[in-house]
Amino acid sequence: MRIAVTGCRIYEDKRKVREFLSKLKSDYGTDIDILSGGSKSGIDTYAKKFSLDFGFRYIEYNPFFTVHNLYSRFSKEYYSKPYHVSQFHKRNEIMISECDYLACFIYNTSPIKNIEVLLKAAKKHEVPYVL
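Residues numbered from 1 in each chain as written. Predicted model: local features only at pLDDT ≥ 70, side-chain atom pairs only at ≥ 80, totals over all residues. Heavy atoms only, no water.

Colleague: Can you explain the overall build of the protein? Please cite residues and give values.
Modeller: Assigned secondary structure in the protein consists of four helices and five strands. Taking 2.2 N^0.38 as the reference for a compact globule, 131 residues should give roughly 14 Å; the C-alpha atoms of the protein span a radius of gyration of 14 Å, in line with that estimate. Once the C-alpha set of the protein is aligned to its principal axes, its extents read approximately 40 × 35 × 30 Å. By the burial criterion, 44% of the 131 residues in the protein qualify as buried. Across the protein, contacts joining residues at least 24 apart in sequence account for 65% of those joining residues at least 6 apart. Of the accessible surface of the protein, which amounts to about 7,300 Å², a share of 55% is contributed by carbon and sulfur atoms. Across the protein, the 21 positively charged side chains and the 15 negatively charged ones have centroids separated by 4 Å. (Helix = DSSP H or I, 4+ residues; strand = E, 2+ residues; numbered from the N terminus. Rg over C-alpha atoms; globule rule 2.2 N^0.38 Å. Buried < 20%, exposed > 50% of the residue type's maximum accessible area, 1.4 Å probe, protein only. Contact = heavy atoms within 4.5 Å. Areas by Shrake-Rupley, 256 points an atom, 1.4 Å probe, with all protein chains shown as cover. Lys, Arg positive; Asp, Glu negative; His and termini not counted. Charge placed at Lys NZ, Arg CZ, Asp CG, Glu CD.)

Here you go:
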């Protein structure tokens, strides 16, 4: 099973993320891939930390302007490109197309462009999601 765990960069409720991943482990064991966007703040940070703590396979869909790392989804030649905002949209589209389920953690109920893009991709690829 491949679960994308992502959402707001300002998300700070790490307890909720820990509980979500703990329940996954309890229900399904550790034979799960956790996919996340690789942001240095918010939900992506907690997804990485707790995925590794719980023994899940962690796959990072970091944008192509960043540096390749141990968890990067793509090979080295895809990274260290010049920055362009479209890289976030492309990254989200690929990540959602490769997951079975999307867990999207949001900070509040106000619409955020990144969240709208994630949910649009989930609907397009018929990926079930929870907010």
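This is not the end of the story, as more comes after the structure.
Colleague: Mind laying out the side chain of Arg91, listing which residues take part and the relevant values?
Modeller: In this structure, Arg91 sits in helix 3 (residues 86-97). As a buried residue without a salt bridge, Arg91 has its nearest oppositely charged side chain in Asp44, at a separation of 4.9 Å. A polar contact of 2.9 Å, which involves the side chain of Arg91, links it to the side chain of Asn92. Not counting residues up to four positions away in its chain, the partners in contact with Arg91 are Gly37, Tyr61, Asn62 and Pro63. (Salt bridge = Lys/Arg side-chain N within 4 Å of Asp/Glu carboxyl O. Polar contact = N/O pair within 3.5 Å; in protein donor to acceptor, adjacent residues only side chain to side chain.)

Colleague: Outline the packing of aromatic side chains, supporting the account with residue identities and numerical values.
Modeller: Across all of its chains, the model carries 13 aromatic pairs by this definition. Ring geometry for Tyr61 against Phe74: centres 6.1 Å apart, planes inclined by 90°, an arrangement best described as edge-to-face. Separated by 13 residues along the polypeptide, Tyr61 in the loop between strand 3 (57-60) and helix 3 and Phe74 in the loop between strand 3 and helix 3 bring together distant segments of the chain. Residue Tyr61 is classed as buried on the basis of its relative accessible area of 0%. (Phe/Tyr/Trp six-rings, centres within 6.5 Å; stacked < 30°, edge-to-face > 60°.)

Colleague: Give me the lowdown on the pairing of strand 4 (residues 101-105), citing residues and values where you can.
Modeller: Burial analysis of strand 4 places four of its five residues in the buried class, which makes it a mostly covered element. As judged from the five bridges shared by strand 1 (residues 2-7) and strand 4, these two strands associate in the parallel manner. Note on strand 4: the bridge partner recorded for Gly7 is Phe105. Relative to strand 5 (residues 129-130), strand 4 runs parallel, the two being bridged by two bridges. (Pairing = 2+ DSSP bridges.)

Colleague: Tell me about the sheet that holds strand 2 (residues 33-36), and please be specific about residues and values.
Modeller: Taken in spatial order, the five strands line up as 3-2-1-4-5 in an open sheet, and their pairing is parallel. A single partner strand is all that each edge strand has here, and the edge strands are strand 3 and strand 5. Pairing geometry for strand 1 and strand 2, over three bridges, is parallel. Within the sheet, the bridge partner assigned to Arg2 lies in strand 2 and is Asp33. Across the face of the sheet, helix 1 (residues 14-28) comes into contact with strand 1, strand 2 and strand 4 while running at roughly 160° to strand 4. Contacting strand 1, strand 4 and strand 5, helix 4 (residues 113-124) runs over the sheet at an angle of about 165° to strand 4. (Axes fitted to C-alpha atoms, helices over the stretch in contact; angles between N-to-C directions.)

Colleague: Got a sec to walk through the pattern of salt bridges? Specific residues and values, please.
Modeller: Counted by the stated rule, this structure contains eleven salt bridges. The salt bridge partner of Glu19 is Arg15, with a shortest N-O separation of 3.1 Å. Linking Glu19 with Arg15, this pair stays in helix 1, spanning four residues, or about one helical turn. Where Glu60 meets Lys48, a salt bridge forms, and the shortest distance between an N and an O atom there is 3.7 Å.

So, to be careful, I would describe these as geometric facts and stop short of saying anything about function.
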